[in-house]
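# Results of the structural survey
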Amino acid sequence: MRIDTKLIHGGIFGDERTGAVSVPIYQVSTYKQDAIGQHRGYEYSRTGNPTREALEKLIADLENGSRGFAFASGMAAISTVTSLFDQGDHLVMGDDVYGGTYRVMSKVFNRLGIWSDFVDTSCPEEVEAAIRPETKAIFMETPSNPLLKVTDIGKMAEICRSHGLLLIVDNTFLTPYWQNPLDLGADIVLHSATKYLGGHSDVVSGLVVVKDEELGERIHFLQNSMGGILPPHDSWLLIRGIKTLGLRMRQHEATSRKLAEWLKGRSDIEQVFYPGLQDHPGHSIAAKQARGFGGMISFDVGGGSRAEQVLSKTRFFTLAESLGAVESLISVPARMTHASIPPERRRELGITDGLIRISVGVEDPEDLLGDLDQALR
Ligand SMILES: *Cc1c(COP(=O)(O)O)cnc(C)c1O
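Residue indices begin from 1 for each chain and proceed along its sequence in written order. Two thresholds apply to this predicted model, a pLDDT of at least 70 for residue-level local features and 80 or more for giving and counting side-chain atom pairs, whereas whole-chain, interface and lining totals are computed over all residues. Heavy atoms from the whole structure form the basis of all side-chain values; hydrogens and water molecules are not counted.

Applied cut-off: UniProt positions are given in the numbering used here, feature names are shortened, and annotations may be inferred rather than shown by experiment.
An unreviewed UniProt entry lists the protein chain under the name Cystathionine gamma-lyase, with Kroppenstedtia guangzhouensis as the source organism. Here the protein chain is described in UniProt, under the heading Cofactor (unreviewed entry), as follows: "pyridoxal 5'-phosphate". What UniProt records for the protein chain under Sequence similarities (unreviewed entry) is the sentence "Belongs to the trans-sulfuration enzymes family."

Below, the structure written as structure tokens:
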């Protein structure tokens with residue numbers, strides 16, 4: 001099965017018993033046992049629910065893994081995976097991972113004695129230098145947020161193999177439609193399915209996929225023990241969103257390429273960050289490890305007040321956090337998603353006050369271009 005067919009026929013298709021072509025929503029907490037301890041595969045919905053299971057099988061198929069797990073948010077997925085580690089363990093993390101990931105590692109898991117260092121994972125030497133005897137994993141995103149820095153997944157997998165570490169990849173930005181980290185040597189891939197997988201700004205959820213059966217058993221144990229599961233109705237919404245992932249991702253990308261090229265040609269824009277541009281520093285690695293470049297673009301309009309003006313003038317780009325949905329969104333990372341990072345640190349990372357991030361939706365490309373044009377003027 002090719003990916004576009006898998007989106008429709010992967011996991012569990014419809015309902016065997018009734019012939020319904022959509023997976024039913026099993027809005028249920030417990031299940032009748034035929035005799036004590038004799039159940040039909042389901043005992044209690046935290047442990048397993050047929051609608052959630054259909055989603056979990058689907059994401060496992062899409063990521064070419066053996067087990068999938070659905071959680072109530074991307075952060076619940078990340079927290080559950082981090083609970084694989086013990087007190088005293090250490091992780092090497094990307095220095096531009098999602099803000100919530102940074103927060104949970106530096107304000108919650110550190111209190112439990114699970115330590116992390118944040119380095120530029122697009123630079124393998126920095127990653128190697130941060131590895132200590134207690135290091136157990138590398139955690140990375142590619143492309144990253146908001147500067148779309150690209151990390152070589154295969155190279156990170158090689159480093160992990162030589163040091164006996166797990167490689168964890170947050171694949172939210174490209175989704176399995178464009179990139180399959182498990183095929184490139186990652187051990188665990190995870191998603192904020194709130195973004196492209198759901199795709200309609202109507203559900204918050206997280207997904208995890210592994211290839212190794214034993215690791216799958218450990219994550220299932222943690223999912224059931226910690227309990228941050230995705231409810232049946234949200235699981236169904238996500239299955240529904242995933243059916244059109246291919247159509248959406250192709251459109252997000254085609255429009256993004258067009259907008260990135262157009263922005264680059266303007267004299268009133270300082271810099272454009274999009275991995276699909278030939279001169280993006282990560283372009284060749286991105287082209288090697290992924291089938292597409294995604295729908296996120298950042299660009300520097302020269303200063304904070306101009307950025308604020310642009311945001312106040314767009315009509316089809318809605319001022320909001322989040323990304324990956326059918327509607328186009330616009331934000332200023334320095335004032336929004338990355339506001340909690342001290343100004344000096346933001347400067348070091350290259351997150352200037354004039355940096356605007358857009359999540360390109362599936363509206364008509366000419367309307368989007370016209371909207372940005374009038375806002376910039
Ligand atoms: C949004 C996001 C998360 C967190 O997911 P939630 O669903 O908001 O909990 C994690 N990683 C990345 C890359 C994200 O964009």
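### A closer look at the packing of aromatic side chains
Keep this limit in mind: To pair, rings of Phe, Tyr and Trp, with the six-membered ring standing in for Trp, must have centres within 6.5 Å; the planes then decide the type, stacked if under 30 degrees apart, edge-to-face if over 60, and tilted in the middle. By the criteria applied, helices consist of DSSP H or I runs no shorter than four residues and strands consist of E runs no shorter than two, each listed in order from the N terminus.
One pass over the full model with this rule turns up 3 aromatic pairs. Note on Tyr31 and Tyr42: the rings are 5.6 Å apart at their centroids and 35° apart in plane angle, and the pair reads as tilted. Of the two residues, Tyr31 is situated in the loop between helix 1 (3–9) and helix 2 (50–62) and Tyr42 in the loop between helix 1 and helix 2; the sequence distance between them amounts to 11 residues. With a centroid separation of 4.9 Å and 70° between ring planes, the pair formed by Tyr177 and Trp178 is classed as edge-to-face.

### Remarks on the nonpolar core
Keep this limit in mind: Here, nonpolar core means buried Ala, Val, Leu, Ile, Met, Phe, Trp, Tyr and Cys residues that are tied together by side-chain atoms lying within 4.5 Å of each other. Partly exposed describes any residue whose relative accessible area lies between the buried limit of under 20% and the exposed limit of over 50%, with all areas from a 1.4 Å probe on protein chains only and scaled to the type maximum. Here the limits of each domain have been adopted from an automatic or database domain assignment. When checking whether two residues touch, look at their non-hydrogen atoms; a contact exists if any pair is within 4.5 Å.
By size, the foremost hydrophobic cluster in this structure holds 56 residues, and its most contacted members are Leu55, Ile138, Leu167, Leu197, Leu207, Leu238 and Ile242. Considering each element in turn, this core owes the most residues, 6 residues, to helix 2. Both domains that meet at this core, namely domain 1 (3–243) and domain 2 (246–376), each give it at least three residues. Not counting the four nearest positions on each side in its chain, Ile242 is found in contact with Leu7, Leu55, Leu58, Leu62, Leu197 and Arg248. By size, the runner-up hydrophobic cluster in this structure holds 27 residues, among which are Ala260, Tyr274, Phe317 and Ile356.

### Regarding the site of the ligand
Put simply, the rule is: Residues are classed as near a molecule or strand on a simple rule: at least one heavy atom within 4 Å of it. Residues adjacent in sequence count toward polar contacts only when both atoms are side-chain atoms; beyond that, a polar contact is any pair of N or O atoms within 3.5 Å, and within protein one must be able to donate a hydrogen and the other to accept it. Surface accessibility in these figures is a Shrake-Rupley result with a 1.4 Å probe; residues are shielded only by whichever protein chains are displayed. Note on residue classes: Ala, Val, Leu, Ile, Met, Phe, Trp, Tyr, Cys and Pro are nonpolar, Asp, Glu, Lys and Arg are charged, and everything else, Gly too, is polar.
The ligand sits among Ser73, Gly74, Met75, Ile78, Tyr98, Glu141, Asp170, Thr172, Ser192, Thr194, Lys195 and Ser205. At 2.6 Å, a side-chain N or O of Thr194 approaches an oxygen atom of the ligand. A distance of 2.7 Å separates an oxygen atom of the ligand from a polar atom in the side chain of Lys195. Starting from 380 Å² of accessible surface for the ligand in isolation, the protein chains cover 92%. The element best represented in the shell around the ligand is helix 3 (residues 74–82), accounting for 3 residues. Partitioned by chemical class, the residues of the shell around the ligand number 3 nonpolar, 6 polar and 3 charged.

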